[in-house]
Amino acid sequence: ARITLRQLLDHAAENGYGVPAFNISNMEQGLAIMAAAQATNSPVIIQASRGARAYAGDRVLARLIDGLTETYPEIPVCMHLDHGNNLATCATAIQNGFTSVMMDGSLKADGKTPADYVYNRDITRAVVDMAHACGVSVEGELGVLGSLETGMGDQEDGHGATEKLSHDQLLTDPAEAEKFVQETGVDALAIAMGTSHGAYKFTRKPDGAILAMHVIEEIHRRLPNTHLVMHGSSSVPEDLQQIINNYGGDIKPTWGVPVEEIQRGIKSGVRKVNIDTDNRLAATAAIRKSFADEPAEFDPRKYLKAAMGMMTEVCKARFEAFGTAGNA
Ligand code: G3H
Ligand code: 13P
Ligand code: NA
Ligand code: ZN
């Protein structure tokens, strides 16, 4: 059944677990995620970015979600818009059956330029008014995602701030977070604390200097009833990097967010954990291996099935680690 983000995260907060929000842009990702949710008896958040909507098309994406939820009627599914950039992208997501939208007003509508507080507050408030009138939840974001090591915003995927940012911009201010939640009425708040999107988050295993988990703990102290969201939360598993590189790939040495840091966040109010890159790596690893192992094979179902299998394993591991398992 389809449920809202508010319904799902309220249950997660009451029961002390976190929920992975897996990105989707095609059928194989959807089937893999749902197979893992079913196998672990987990509720799930499936999210689509603007890029995903452009890739699959809104009609195909909407019917795909219908197909997935109808195939697994016992699994609670929140269908969420990832990084909405204006009122219109949020409105059209709602028209297509999304039960939750993110208005990312930390950046201007171009998705690159850091925005000021008043811009972010006003556009987020407008989305909250519209979405709540439709029974849809809203995630806002305060603070710009990017690396505390380099001071750069996300660049690899072609979105996010490209100028050098200060620590003040890269770390959500706890006092401002309190004000923002009160003034916007968001159901969940994404915060910035050193993670970034994509595979290249950290050049070493992160410690408190480059992954500021203490910011989450301070925000949770001030806002104990607000559901917190961690973006850029792929763990970038070394074994997947190795498979890709062993089969002709070229992933440079890199670190993601360790699962134990996410578990620490879940103890401090993190309820939604955004993961896209890990499934991209899993699919790529499986397909590269499949091509090498069976060079005469050319039926896409063969290697896409391998990709689904490896994505399902990643998703199952996250459901287990975040305590989502058993809560469907
Ligand atoms: O926001 C980051 C997600 O990984 C989505 O990425 O914009 O390439 O679809 P995308
Ligand atoms: P990753 O790139 O770490 O998977 O983050 C995804 C994300 O935050 C989507 O909004
Ligand atoms: Na999101
Ligand atoms: Zn994100």
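Residues numbered from 1 in each chain as written. Chains lettered and ligands numbered in written order. Predicted model: local features only at pLDDT ≥ 70, side-chain atom pairs only at ≥ 80, totals over all residues.

## Comments concerning the overall build of the protein chain
Here comes step 1: When helices and strands are tallied, the protein chain shows 13 helices and eight strands.
Here comes step 2: Relative to its full complement of 328 residues, the protein chain shows a buried share of 52%.
Here comes step 3: Within the protein chain, contacts between residues at least 6 apart in sequence are counted, and of these 74% link residues at least 24 apart. (Helix = DSSP H or I, 4+ residues; strand = E, 2+ residues; numbered from the N terminus. Buried ≥ 20, exposed ≤ 12 C-beta atoms within 10 Å, placed from the backbone. Contact = placed C-beta atoms within 7 Å.)

## Here we look at the pairing of strand S5 (residues 137-142)
Here comes step 1: Most of S5 sits out of view: six of its six residues are buried.
Here comes step 2: Side-chain alternation along S5 places Ser137, Glu139 and Glu141 on one buried face and Val138, Gly140 and Leu142 on a second face that is also buried.
Here comes step 3: With respect to chirality, the unit in which strand S4 (residues 100-103) leads through helix H6 (residues 117-133) into the neighbouring parallel S5 is right-handed.
Here comes step 4: Both S5 and strand S6 (residues 188-191) contribute to a ladder of four bridges, which runs parallel. Across the sheet, Gly140 pairs through a bridge with Leu189, a residue of S6. (Right-handed = clockwise from strand over helix to strand, strands pointing away. Pairing = 2+ DSSP bridges.)

## Describing the site of ligand 2
Here comes step 1: The local shell around ligand 2 holds 13 residues, among which His231, Ser234, Asn274, Asp276 and Thr277 are the closest.
Here comes step 2: Those elements that provide at least two residues to the shell around ligand 2 are strand S3 (77-84) and strand S8 (270-275).
Here comes step 3: The residue inventory of the shell around ligand 2, partitioned by class, reads one nonpolar, ten polar and two charged. (Near = placed C-beta within 6 Å. Nonpolar A, V, L, I, M, F, W, Y, C, P; charged D, E, K, R; others polar.)

## Regarding H6
Here comes step 1: In this model H6 runs 24 Å from its N-terminal to its C-terminal C-alpha over 17 residues, within 8% of the 24 Å that 1.5 Å per residue would give.
Here comes step 2: Turning to H6, its buried residues number three or more, namely Asn120, Ile123, Thr124, Val127, Val128 and Ala131. Seen from one end, H6 has its buried residues packed into an arc of 145 degrees, which puts them on one side. Exposed side of H6, more than 90 degrees from the buried face: Val118, Asp122 and Ala133 are the residues found there.
Here comes step 3: Contacts made by the buried residues of H6 are with helix H5 (87-95), S4, S5 and helix H8 (174-184).
Here comes step 4: At the exit of H6 stands Gly135, carrying a positive phi of roughly 75 degrees. (Expected span 1.5 Å × (residues − 1). Arc of directions from axis to C-beta.)

## Some points on the packing of H6 against H8
Here comes step 1: Interhelical geometry of H6 versus H8 gives an angle of 35 degrees and a closest axis separation of 9 Å. Considering how the two elements wind past one another, H6 and H8 form a crossing that is right-handed. Listed contacts from H8 to Tyr117, Arg121, Thr124, Arg125 and Val128 of H6 are Glu176, Phe180, Glu183 and Thr184.
Here comes step 2: Partitioning the contact of H6 with H8 into residue classes produces three nonpolar, two polar and four charged. (Axes fitted to C-alpha atoms, helices over the stretch in contact; angles between N-to-C directions. Left-handed = near helix turned anticlockwise from the far one by under 90°.)

## Overview of the packing of helix H12 (residues 277-293) against helix H13 (residues 300-321)
Here comes step 1: In the contact formed by H12 and H13, the axes pass within 8 Å of each other and the chain directions differ by 140 degrees. Relative to H13, the element H12 lies oblique. In this structure, H12 meets H13 at a crossing whose hand is right-handed. Contacts from Asp278, Asn279, Ala282, Ala283, Ala285, Ala286, Ile287, Ser290 and Phe291 in H12 reach Lys302, Tyr303, Ala306, Ala307, Gly309, Met310, Met311 and Val314 in H13. (Parallel < 35°, antiparallel > 145°, perpendicular 65-115°, else oblique.)

## Let's talk about the sheet that holds S8
Here comes step 1: An order of S1-S2-S3-S4-S5-S6-S7-S8 is seen for the eight strands of this closed barrel, with the pairing classed as parallel. For this sheet, the mean angle separating the axes of adjacent strands, direction not counted, is 25 degrees.
Here comes step 2: As defined by bridge partners, strand S7 (residues 227-230) adjoins S8 across three bridges and the pair is classed as parallel. Paired with Met230 across the strands is Val273, a residue of S8.
Here comes step 3: Along the sheet face, H8 touches S5 and S6 and points at about 150 degrees away from the line of S5.

## Things to note about the nonpolar core
The nonpolar side chains of soluble globular proteins are, as a tendency, buried together.
Here comes step 1: Within the largest apolar cluster, 95 residues are counted, with the highest numbers of intra-cluster contacts made by Ile33, Val101, Leu189 and Ile191.
Here comes step 2: Take this core: its biggest share by element is nine residues, from H13. (Core = buried A, V, L, I, M, F, W, Y, C linked by C-beta atoms within 7 Å.)

## Quick look at the pairing of S6
Here comes step 1: Burial along S6 is two-sided: Ala188 and Ala190 and Leu189 and Ile191, pointing in opposite directions, are all buried.
Here comes step 2: Across four bridges, the pairing between S6 and S7 is parallel. Within S7, the position partnered with Ala188 by the bridge is His227.
Here comes step 3: Note on the crossover from S6 through helix H9 (residues 213-222) to S7: the handedness is right-handed.

## Quick notes on the confidence of the model for the protein chain
Detailed conclusions should not be drawn from predicted coordinates in areas where pLDDT is low.
Here comes step 1: Taken residue by residue, the protein chain gives an average pLDDT of 97. The fraction at 70 or more is 98%.
Here comes step 2: The complex model carries a pTM of 0.98, and its ipTM stands at 0.98. (pLDDT = per-residue confidence, 0-100.)

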